[in-house]
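Structure at a glance
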Amino acid sequence: MKFNSISLENFGPFFNENEVALSTTASSPIILFNGENMRGKTTLLRAFRWCLYGKVKGHDNKPIPETEFANWDARDSGQEFRTSVKLEIATDSEVLTVIRWFTAKQSEVNRDSVTVVNQGWDCVSSVANAIPREDIENRINSLLHEDISEFFLFDGEALTGIEAKLRSDMSSGDFVKDSIEKALGLPALTTIEDDLEILRKEAQKELQEIVKVEGAAQELLESIEALDDKIKTAEEQILKLDDMYQTHSRRRAEIEPIIQANFTMKEKFEKRDELESEISDLENRNEYFILQIAERLNRKFWTPNSKKIIAVKNEVQSEIDTLNSELQQFARESAQRASLIATLEHGKCDTCNQMISGDSLQALKDELTRLEESIGEISSKEELLQKRRERKQILSGFEDTTADLEIIENFDSQMRQNAIRIQSKKSELSDLKKTLESVNDNFESIDAEYSVILSALQDIKVAKPAVTLSLDDSRNKREEKNRELAALQRGNTPVKHRISILDTQLKIFRESINQFRDLMRLEVQDEATKIFKRLTSEPDYAGLRINTKYYLQIVDKSDRIIQRRSAGAEQIVAMSLIGALIQCSVKEAPVIMDTPLGRLDSTHRKNIMKWIPEMAEQVMLFVTSTEFSNTTDRPLLGSAIGREYWLKRISPSRTEVRKTADE
Amino acid sequence: MKIDRSRETALNVVRDVSKVNAENVEMINLSREIAELGFEHQFERADRRAVRDALRNLIEVQVKPELANEV
């Protein structure tokens, strides 16, 4: 099958009708949709799923209500409007047109939502006209069954989910086994085996009735009846175990993404606690600093001015020294004055006793005048000295607190730095708290539930083989008894012949199922290895192995299992498995990949680009400008690109699909 | 790419197993027809009555005609 076209009407950001031609040729199988984030690439992928299966899951694995696909502009118009997706699908024998739609109007209670007025799902065949509603699901599933559609229509986010399943020790084997069996069509054989078993029971009943009519072998019939009861009980037990296994598996599938997400959330909660503790520590430290500073200032309040006080003390001391020196000078000058006065009184020199001349006398008088003037200041100097001494006395009460000041300054500096850190951490904490506002931090209950589920699954795995063994034993015994019963009936009869045919066919189909199971595993392993070797950038990897427990392993050239895989290798393993399932699948179908390249390095991307055109006869690739480079990636696809579109933003609520050539 | 590749693989397995287990060529052909019927209706898992009727008819054809009048 291939898609000829898709029409989107008021679906997501696609306002009114947007028809997109999708037909491709064998040499140009790729349709490229370019679009930046928030342009509707994932919505376009979801449009395919919704139209085909009516169910769409979000990245959180929860179903998205279809009313959320209503275009906002259509909703806000106030008029009743229609949201629809129409797919034209070409098969070998016909063209099917499938349309899923609903009409709706804006809700009067909540203006952001819509109320569905009417809805429908129609399918028209080019050869059989309208297909009855009840047959559409089977028709679609016969083209691409919903169970295997996740391998054909997948987005980058879903790929991480598959990677997580492949990583998980518990779910890896089951996931790979289920995927292989679904994709390769094992149910075609297992369901026909069940049908054969039912026909076998019918024939056996018929035979028993005939023998009963003949009145023979009452004892045999009773033991067959007892074995029937035993078989019925064992079958019911197996069904119950299968049912429980499926229920637990489904819950496990729901929980695993939550646990995965919880890892991130747990980290955030831990970060929140860490931030709160760091803030509290810093605040405590600052309180300690404040107390220390306060205590020091209470005892020595002058400490902040201690340097000034020291400077003043030094200054006062220096003044005192100067004044002392001056007063000593005065003392010397006083002695000189007394000597001068005596000399002038005698008019003779003290030393030589000769009379002093007039000029010299005048000079001595001048000197005496200068000395008297100088000595006249003595009282003010003494007064000043006294004041300085008093000041010195006062200042001596302020001991040197430079060391305390240094400690206070150090505390103050640390406090300021802490205050900045507290501010920054509080801001980070506030953002984190907003993120965690609606998150329940009760991880323990979900972890406990997960561990209960794992243990229940393990118990079922252990219990089922024992019940199956007992069932096989009872079946064999019943067959033996039935053979004895048949022997009582003379000759060969149509019923006995029918039973013999059914026994042979059941044996053939049971053995075929076992062989096909192993063959499928090996076939997918070979195909996955081929793809993996093309995609991987590690030359020492020899390929992939799916062991008997269905664990998917990377092996190197020495046949050693690679225990630790890089994130890039994880994605390549997941893509190789998907590629192998597509290649080996029971049905051929188009592949749609939404932003699958974003997390890969350039070598892996280059390898994938070369492989994509071979994936299927029609491959739709949704890419952003950051994951698809026009200079390096486009040349690798070259003429394999059959069509190319651009998801053009018109407004926040509108996108148009345009041919790239039109841009 | 081979269309319905796994279907071909399954039919080959059934053929090989039936060659070992079946008594005659009719039984081998019957196995193939049953397997094809299984693939034709592989996605109809809920109501299998129609499939079982078809299966019953396939088997009934194989019941030996000379036994038709025997009880």
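Residues numbered from 1 in each chain as written. Chains lettered and ligands numbered in written order. Predicted model: local features only at pLDDT ≥ 70, side-chain atom pairs only at ≥ 80, totals over all residues.

**A look at the overall build of chain B**
For chain B, the helix and strand inventory stands at 3 helices and 0 strands. Going residue by residue from the N terminus, the α and β elements of chain B occur as α-α-α. Of all 71 residues assigned to chain B, the portion counted as buried reaches 28%. (Helix = DSSP H or I, 4+ residues; strand = E, 2+ residues; numbered from the N terminus. Buried ≥ 20, exposed ≤ 12 C-beta atoms within 10 Å, placed from the backbone.)

**A closer look at helix 2 (residues 25-40) of chain B**
For helix 2 of chain B, spanning 16 residues, the distance from its first C-alpha to its last is 22 Å, which sits close to the expected 22 Å at 1.5 Å a residue. Restricting attention to buried positions, one finds in helix 2 of chain B the residues B:Ile28, B:Leu30, B:Ser31, B:Ile34, B:Ala35, B:Gly38 and B:Phe39. (Expected span 1.5 Å × (residues − 1).)

**Looking at the packing of helix 8 (residues 218-299) of chain A against helix 13 (residues 443-488) of chain A**
Residue and element names in this part refer to chain A. Look at helix 8 against helix 13: their axes get within 7 Å of each other, and the N-to-C directions meet at 160°. With respect to helix 13, the axis of helix 8 lies roughly antiparallel. Seen along the crossing, helix 8 lies across helix 13 with a hand that is left-handed. The residue inventory of the contact of helix 8 with helix 13, partitioned by class, reads 23 nonpolar, 9 polar and 13 charged. (Axes fitted to C-alpha atoms, helices over the stretch in contact; angles between N-to-C directions. Parallel < 35°, antiparallel > 145°, perpendicular 65-115°, else oblique. Left-handed = near helix turned anticlockwise from the far one by under 90°. Nonpolar A, V, L, I, M, F, W, Y, C, P; charged D, E, K, R; others polar.)

**A short note on the pairing of strand 9 (residues 541-546) of chain A**
Residue and element names in this part refer to chain A. With 5 bridges connecting them, strand 9 and strand 10 (residues 552-556) associate as antiparallel partners. Bridging across to strand 10, Arg 545 finds its partner in Gln 553. Taking the residues that link successive antiparallel strands as the turn, the strand 9-strand 10 hairpin has 5 residues, and the phi of Tyr 550 there is positive, at about 70°. (Pairing = 2+ DSSP bridges.)

**What to know about the sheet that holds strand 14 (residues 654-659) of chain A**
Within a sheet, each strand pairs with its neighbour through backbone hydrogen bonds, oriented either parallel or antiparallel. Residues and elements named next belong to chain A. With mixed pairing, 6 strands are arranged side by side in an open sheet as 8-11-12-3-13-14. A single partner strand is all that each edge strand has here, and the edge strands are strand 8 (153-155) and strand 14. The mean inter-strand angle of the sheet, taken between neighbouring strand axes irrespective of direction, is 15°. Pairing geometry for strand 3 (residues 30-34) and strand 12 (residues 619-623), over 5 bridges, is parallel.

**Things to note about the interface of chain B and chain A**
Listed by partner, the interface residues are 39 residues for chain B and 40 residues for chain A. At the level of elements, helix 1 (5-21), helix 2 and helix 3 (49-62) of chain B are the ones that each hand at least two residues to the side of chain B that touches chain A. Here the side of chain B that touches chain A gets 10 residues from one element, more than from any other, and that element is helix 1 of chain B. Here the residues of the side of chain B that touches chain A are counted per class, giving 21 nonpolar, 8 polar and 10 charged. (Contact = placed C-beta atoms within 7 Å.)

**Here we look at unusual backbone geometry**
The phi dihedral of A:Asn16 falls on the positive side, at around 55°, and the residue is not glycine. Note on placement: A:Asn16 falls in strand 2 (residues 14-21).

**Brief notes about the nonpolar core**
Residue and element names in this part refer to chain A. Formed by 114 residues in total, the largest nonpolar core has its most connected members in Ile 6, Phe 33, Ala 47, Phe 48, Val 573, Leu 581 and Leu 621. In terms of residues, this core owes the most to one element, helix 14 (residues 494-535), which gives 13 residues. For Ile 6, the contacting residues outside a window of four places in its chain are Val 20, Leu 22, Ala 47, Phe 48, Val 85 and Leu 87. (Core = buried A, V, L, I, M, F, W, Y, C linked by C-beta atoms within 7 Å.)

**Section: helix 9 (residues 306-346) of chain A**
Residue and element names in this part refer to chain A. Relative to the 60 Å expected for 41 residues at 1.5 Å per residue, helix 9 spans 60 Å between its end C-alpha atoms, a close match to the ideal helical length. The complete set of buried residues in helix 9 reads Ser 306, Val 316 and Phe 330. Positioned one or two residues after helix 9, Gly 347 has a phi angle of 70°, which is positive.

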